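For reference, the chains in residue letters:
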Amino acid sequence: MKKSEKTKLIITNVAVWTVATLTHPIVQMLPTGTGSPPKIFSLLIPIFFMMLAGVSTYLLSAGIGKPNDK
């Protein structure tokens, strides 16, 4: 794997985890009629986190599985 591919993989992985980190605070700031976040978010946020973790795992396993260039 070339250095530019490794850098791209790391940047993409950091971006995925940045989205995961910012999801919960952003959802808490969404305005609703009652002033509290909808109850469905307590189910959707963990599912979204798990999907992002799956994407990150896939990216890293794809990167590790590629042979090094000579």
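See the structure above.
Counting restarts for each chain, with residues numbered from 1 along the sequence as it is written. For this predicted model, a pLDDT threshold of at least 70 governs which residues receive local features, and a threshold of 80 or more governs which side-chain atom pairs are given and counted, while totals over whole chains, interfaces and linings are taken from all residues. Values reported for side chains reflect all heavy atoms of the structure, with hydrogen atoms and water molecules removed beforehand.

K.L.:
Sorry, what's going on with the overall build of the protein here?
P.N.:
Only DSSP runs of H or I covering at least 4 residues are called helices, and only runs of E covering at least 2 are called strands; the numbering of each starts at the N terminus. When helices and strands are counted, the protein shows 2 helices and 0 strands. The C-alpha atoms of the protein give a radius of gyration of 17 Å, which is well past the 11 Å a tight globule of 70 residues would have. Principal-axis analysis of the C-alpha atoms places the extent of the protein at approximately 60 × 15 × 10 Å. By sequence separation, contacts in the protein at least 24 residues apart represent 79% of the contacts at least 6 residues apart. To measure how exposed things are, a 1.4 Å probe is used in the Shrake-Rupley method; for residues, cover is taken only from the protein chains shown. Of the roughly 5500 Å² of accessible surface on the protein, a fraction of 73% belongs to carbon and sulfur atoms. The globule rule is 2.2 Å times the number of residues to the power 0.38, and the radius of gyration it is compared with is taken over C-alpha atoms. Contacts: residue pairs with any heavy atoms within 4.5 Å of one another.

K.L.:
Could you clarify how one ought to interpret the nonpolar core in this entry?
P.N.:
Most often, soluble globular proteins have nonpolar side chains that are buried together. For the purposes of this section, nonpolar cores are sets of buried Ala, Val, Leu, Ile, Met, Phe, Trp, Tyr and Cys residues that join through side-chain atoms within 4.5 Å. Categorising residues by exposure relies on relative accessible area from a 1.4 Å probe, with only protein chains included: less than 20% of the type maximum marks a residue as buried, more than 50% marks it as exposed, and the intermediate range marks it as partly exposed. Core analysis: the largest hydrophobic core is formed by 5 residues, namely L9, V16, A20, L52 and L59. Looking at this core, the elements with two or more residues in it are α1 (3-29) and α2 (41-65). Element by element, the count of residues in this core is highest for α1, at 3 residues. Excluding residues within four positions of it along the chain, A20 makes contact with F49 and L52.

K.L.:
What should I look at first to understand α1 in this one?
P.N.:
Since one α-helical turn is 3.6 residues long, residues separated by three or four positions face the same way. Here α1 contains 27 residues, and its C-alpha end-to-end distance of 39 Å stays within 8% of the 39 Å for a straight helix at 1.5 Å per residue. Taken as a whole, α1 has its buried residues at L9, N13, V16, A20, T23 and V27. On its buried face, α1 sits against α2. An expected span of 1.5 Å times one less than the residue number is assigned to each helix.

K.L.:
Explanation requested: α2 in the structure shown.
P.N.:
In a regular helix each residue adds 1.5 Å, so 25 residues correspond to 36 Å; α2 covers 35 Å between its end C-alpha atoms and thus fits that length. Every buried residue of α2 is listed here: I45, L52, S56, L59 and G63. Buried residues in α2 make contact with α1.

K.L.:
Explain the environment of W17 here, please?
P.N.:
Relative to the elements of secondary structure, W17 occurs in helix α1. Sequence separation between W17 and L60 is 43 residues, and the spatial gap between their C-alpha atoms is 13 Å. Among residues more than four places away in sequence, those in contact with W17 are A53 and S56. A polar contact of 2.9 Å, which involves the side chain of W17, links it to the side chain of S56. Polar contacts, as counted here, are pairs of nitrogen or oxygen atoms within 3.5 Å of one another; within protein the pair requires one atom able to donate a hydrogen and one able to accept it, and residues that are adjacent in sequence qualify only if both atoms are side-chain atoms.

K.L.:
Any chance you could explain the environment of G35 here in plain terms?
P.N.:
With respect to the helices and strands, G35 occurs in the loop between α1 and α2. With 23 residues separating them along the chain, G35 and T12 place their C-alpha atoms 35 Å apart.

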